[in-house]
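So you can see what is in the structure, the chains are spelled out below.
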Amino acid sequence: MSGGGIRPSMSFSDAARETLKNRTLRHNLGFATRTICSKREKVVAEIADWEQTRTAGSMLKDEALANLEENLLILEEKVVAAGGKVHWAATATQAVEIVAMIAKSHQVSKVVKVKSITSDEIELNDGLAAQGITALETDLAELICQLADDSPSHILVPAIHKNRDEIRALFEAKLGVRAETSEPAALAEIARTHLRQKFLEAKMAVSGANFAVAETGCIGVVESEGNGRMCLTLPEVLVTIMGIEKVLPKWEDVATLMRLLPRSSTAERMNPYTSIWTGVTPGDGPQEFHLILLDNGRTTVLADAVGRQTLRCIRCSACLNVCPVYQRTGGHAYGSVYPGPIGAILTPQLLGMEHKNANTLPFASSMCGACYEACPVKINIPEVLAYLRGKTAKNPAESSAFRAAFWMMSDHRRFSAALKGRRLGVSIVSGLGLVKGWTDSREMPEVPAESFRTWWSKRGQ
Amino acid sequence: MTIQLFITCLNDALYPGTGVATTEILERLGHSVEFDPRQTCCGQMHLNSGYTDEAIQLAERWLDIYEDAECIVSPSGSCVANVREMFGHAGHWTQNSNLIERAAKMDGKLFELSEFILKFGGMDVLNPYFPHRVTYHPTCHGARALGLKDSPEQLLRQVQGLDFVELSEKWQCCGFGGTFSLKNSDTSAAMLQDKCETICALDVEYCVAIDNSCLMHIGGGLRKDGKVPKVIHLAEVLASQEPK
């Protein structure tokens, strides 16, 4: 299962309890995220107008979203004019069907894939496998997850939860090779040798898209390894699955985006490979190009005035790396290919607010605000988390406690009475005492002899 | 000036000493301090837990009490952030333009205590004395939502007798997060453990912050493990005086 999907099979707190037990995972994650964060801080500090660039990025995405339908129609027209074909997929199932149909029309039973989280969202690999088509991941980390029958745990670094020794053992077991060392270069060489033959054999490739530009009809993918470019140029048929929110109106918007994305994601000034293509070119590259425009819940998110900002996301993963919750629980605790703070707001919105496990995700945050501070397009994740919490179904016992607290706090005479004789203090402390999780790790505060207001009233006498 | 105290519900019930220290500080700075006993809670707990309707009623109630005040000071970064930021957001969610407008009018009138001292000065008048080895944890709402970063540290560094040690990984959340510490207590405890380790590694006597909610959590973690450092609110450090 290297696809992943976005439907959590258990609540966040249950899944986190499992992942928190894994000390190796916590160590791997802590090391990796700290390294990326400190590199990111340095390269972000190099840009004097970083804050203005963030504002520009958030504004251009908002404008793109405000005219989404128009932008998509222009994109369709331009892609078709450049020799491509455009498909509209309302659901994940429809998108998978379209890919399978294209593969079958070419008698293709194996496709190579550019790293694409959108394809993971729709569980493309499993969907194709059910129709006898093998999808091979070519991104190193995605390949690791696929070989390990594991799901990605990070948007950008899908195998972040594994260390190099684990990867070496995996390659030896699954690829039948002997690795001399666990050095990254040696492991990458093994993957390179394994993948080269696959690129040369592949007749069809599937990619996602980091962006598309409506006015030019071009699609862009940024990556670090060059494996994506192999997929984008060698096969005869190229299929791109793109979430509809990725379309930008103008070519110049790419410049702003590209100032924000690499620094926020890989902590690089510029990513090593940026591939941009427009339709097909006779005799050069894929001779057939299909663009699948995927909705899968996005128009519902767009219709929500508060939740809409979630669609600004450019999948940089900066919010994951800075998140203290993600750093400790890892991505698998979120039960979705969209983990971390962005996943905590995106997943429940895409699935609909009634999904009982996804609805635990907005609570998977201490609201510390590190994600909002890091987000290159200024998605106010804490705000959306609080907003979504208001839309989740409440547990009856919890509701009655909050209603009782509200009843007391909505009238100062009731509140003052509760404070007299330390009753409120005692009830807060004993309330916490009833929660085993709290008292396992923390001691109760002492209840003072008198409240502040009692002190104040005595003072005035 | 005349200052209305905004003593949060948690401080009122469990940490009255912080309110007392805040009163003393403001009076020593020459202000006239008032406390309106109609105050209860700003609604942060309800808002952050998803009880939006109740939170909005508490927000409107809060505004009824404070909107005519000249200046309001509170010893809690997170409650000030709730008024300053979340009242407007909640108004936006529910298209309650009246709430948005009323909340916006609090701009420039409501201050967290350290923010107030940093803006208007007065450390020379207070001349606090606290002869202890101390570190500072920048609580998330104060540091990020109010944009104070680690500026309250500047005040601590001016305290007589105080031996200041900077906390490593100081921007890491302590894991409290209100109901987060109940709903996701295991994750919260993992965050708390790391915070307590960084504090204990410094060999300090006290960890200071501007929010008693976070300090309740950190102090509870330290005491549970029988560790030496204690927690104390910044107001109580700044109110401390050299014995005469």
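Details of the structure are given in the entry above.
Thresholds, definitions, all that
- Residues numbered from 1 in each chain as written.
- Chains lettered and ligands numbered in written order.
- Predicted model: local features only at pLDDT ≥ 70, side-chain atom pairs only at ≥ 80, totals over all residues.
- Heavy atoms only, no water.
- Helix = DSSP H or I, 4+ residues; strand = E, 2+ residues; numbered from the N terminus.
- Rg over C-alpha atoms; globule rule 2.2 N^0.38 Å.
- Buried < 20%, exposed > 50% of the residue type's maximum accessible area, 1.4 Å probe, protein only.
- Contact = heavy atoms within 4.5 Å.
- Areas by Shrake-Rupley, 256 points an atom, 1.4 Å probe, with all protein chains shown as cover.
- Lys, Arg positive; Asp, Glu negative; His and termini not counted.
- Charge placed at Lys NZ, Arg CZ, Asp CG, Glu CD.
- Buried area = accessible area lost by both parts, 1.4 Å probe.
- Salt bridge = Lys/Arg side-chain N within 4 Å of Asp/Glu carboxyl O.
- Polar contact = N/O pair within 3.5 Å; in protein donor to acceptor, adjacent residues only side chain to side chain.
- Pairing = 2+ DSSP bridges.
- Axes fitted to C-alpha atoms, helices over the stretch in contact; angles between N-to-C directions.
- Phe/Tyr/Trp six-rings, centres within 6.5 Å; stacked < 30°, edge-to-face > 60°.
- Lys NZ or Arg CZ within 6 Å of the ring centre and 35° of its normal.
- 1 Å grid on protein atoms, 1.4 Å probe; cavity = no way out; pocket = protein on both sides within 12 Å on 5 of 7 lines; lining within 4 Å.
- Points joined across faces, edges and corners; volume = space filled by probe spheres on them.
- Parallel < 35°, antiparallel > 145°, perpendicular 65-115°, else oblique.
- Nonpolar A, V, L, I, M, F, W, Y, C, P; charged D, E, K, R; others polar.
- Core = buried A, V, L, I, M, F, W, Y, C linked by side-chain atoms within 4.5 Å.

Outline the overall build of chain A, listing residues and values.
Scanning chain A from N- to C-terminus turns up 23 helices and 10 strands. A globule of 461 residues ought to have a C-alpha radius of gyration of about 23 Å, and chain A, at 25 Å, matches this closely. Within chain A, the proportion of its 461 residues that are buried is 59%. A fraction of 74% describes how many contacts in chain A between residues 6 or more apart in sequence connect residues 24 or more apart. By element, 54% of the accessible surface of chain A is carried by carbon and sulfur atoms, the whole surface being about 18800 Å². Computed over 53 positive and 50 negative side-chain charges, the inter-centroid distance for chain A is 8 Å.

Now, about the interface of chain B and chain A: what can you tell me, with residues and values included?
With 67 residues of chain B in contact, the opposing surface of chain A contributes 68 residues. Of all residues in chain B, the largest losses of buried area upon contact with chain A belong to Leu14, Tyr51 and Trp93 of chain B, amounting jointly to 11% of the total for that side. Taken together, the links from chain B to chain A amount to eight salt bridges. With a shortest N-O distance of 2.8 Å, Arg328 of chain A and Asp194 of chain B are connected by a salt bridge. For the pair chain B and chain A, the interface holds 30 residue pairs in polar contact (both at pLDDT 80 or more). Take the side of chain B that touches chain A: its biggest share by element is 10 residues, from helix α12 (residues 185–200) of chain B.

Pulling in residues and values, what's your account of the environment of Leu260 of chain A?
All names here are of chain A. Along the chain, the position of Leu260 falls in helix α12 (residues 252–265). Of the residues examined, Leu260 reaches a relative accessible area of 0% and is grouped as buried. Apart from residues lying up to four places away in sequence, Leu260 is in contact with Trp50, Thr53, Arg54, Gly57, Pro376 and Val377.

How would you summarise the sheet that holds strand β4 (residues 204–207) of chain A if you had to cite specific residues and measurements?
Residue and element names in this part refer to chain A. Taken together, six strands build an open sheet; the order of strands is β1-β10-β7-β4-β2-β3 and the sheet is parallel. With partners counted over all chains shown, the strands left at the sheet margins are β1 (85–89) and β3 (134–137), one partner each. On average, each strand axis in the sheet is tilted by 25 degrees relative to the strand beside it, whichever way the strands run. In this structure, strand β2 (residues 110–113) lies alongside β3, joined through four bridges in parallel fashion. The partner of Lys113 across the bridge, within β3, is Glu137.

Quick one: what's the story with the packing of aromatic side chains, residue by residue and with numbers?
In total, this model carries 18 aromatic pairs over all chains according to the counting rule given. Plain terms: the ring middles of Tyr387 of chain A and Trp93 of chain B are 5.4 Å apart, the flat faces sit at 65 degrees to each other, and that makes the pair edge-to-face. Here Tyr387 of chain A, found in helix α18 (residues 381–389), pairs with Trp93 of chain B, found in helix α5 (residues 77–93), and the two come from separate chains. A relative accessible area of 10% places Tyr387 of chain A in the buried class. Clustering of aromatic rings is evident, with ring pairs tying together Phe452, Trp455 and Trp456 of chain A together with Phe35 of chain B. Of note, Lys119 of chain B hangs over the ring of Phe120 of chain B, and the distance from its end group to the ring centre comes to 5.7 Å. Looking at Lys183 of chain B, its charged tip hangs above the ring of Phe363 of chain A, at a distance of 4.2 Å from the centre.

Now, about the environment of Gly307 of chain A: what can you tell me, with residues and values included?
Residue and element names in this part refer to chain A. With respect to the helices, strands and loops of the structure, Gly307 is situated in the loop between α13 (298–302) and α14 (318–322). Considering only alpha carbons, one finds Gly307 and Gln349, 42 residues apart in sequence, at a separation of 7.7 Å. The residues touching Gly307, leaving out its near neighbours within four places in the chain, are Val301, Gln349, Val384 and Tyr387.

Before we move on, can you summarise unusual backbone geometry with the specific residues and values?
Residue and element names in this part refer to chain A. Here the phi dihedral of Arg315 falls at roughly 55 degrees; this positive angle occurs in a residue that is not glycine. Relative to the assigned elements, Arg315 resides in the loop between α13 and α14. A relative accessible area of 9% means that Arg315 is categorised as buried. Of note, the phi angle at Met367 is positive, near 60 degrees, even though the residue is not glycine. Within the element layout of this structure, Met367 appears in the loop between α16 (340–351) and α17 (370–374).

I'd love a proper account of empty space enclosed by the protein, names of residues and values included.
Residues and elements named next belong to chain A. Counted according to the given criterion, the structure contains three cavities of 30 Å³ or more. Of the pockets and cavities examined, the largest cavity occupies roughly 110 Å³. Lining the largest cavity are 16 residues, and of these Cys323, Pro341, Ser365, Ser366 and Cys371 lie nearest its centre. Where the lining of the largest cavity is concerned, the elements lending two or more residues are α15 (324–329), α16, α17 and α18. The element that contributes the greatest number of residues to the lining of the largest cavity is α16, accounting for three residues.

Account for the packing of helix α1 (residues 12–20) of chain A against α12 of chain B, naming residues and giving values.
In the contact formed by α1 of chain A and α12 of chain B, the axes pass within 8 Å of each other and the chain directions differ by 45 degrees. Taken together, the axes of α1 of chain A and α12 of chain B are oblique relative to one another. Every residue of α12 of chain B that contacts α1 of chain A at Phe12, Ala16, Arg17 and Leu20 of chain A is listed here: Asp186, Thr187 and Ala190 of chain B. Taken together, the residues of the contact of α1 of chain A with α12 of chain B sort by class into four nonpolar, one polar and two charged.

Explain the sheet that holds strand β4 (residues 110–112) of chain B to me, and be specific about the residues and the numbers.
All names here are of chain B. Spatial ordering of the open sheet is given by β2-β1-β3-β4, a layout of four strands whose pairing is parallel. For this open sheet the edge positions go to β2 (32–34) and β4, each flanked by a neighbour on one side alone. Each adjacent strand pair in this sheet contributes to an overall mean axis angle of 30 degrees, direction not counted.

An account of the nonpolar core is needed here, citing residue identities and associated values.
Judged by nonpolar contacts, the single largest core of 176 residues is most densely connected at Trp62 and Ile117 of chain B. Per element, the largest residue contribution to this core is eight residues, and it comes from α5 of chain B. Those residues in contact with Ile117 of chain B that lie beyond four places of it in its chain are Ile25, Leu29, Met123, Leu126, Leu155 and Leu238 of chain B. With 23 residues, the next largest nonpolar core counts Val111, Ile122, Met204 and Ile292 of chain A among its residues.

Just give me the short version of the pattern of salt bridges, but keep the residues and values in it.
All names here are of chain B. Evaluation of the coordinates by the stated rule reveals 37 salt bridges over all chains. Among the salt bridges present, the one from Glu153 reaches Arg157, with a minimum N-O distance of 3.2 Å. According to the relative accessible area criterion, Glu153 is buried, its value standing at 4%.

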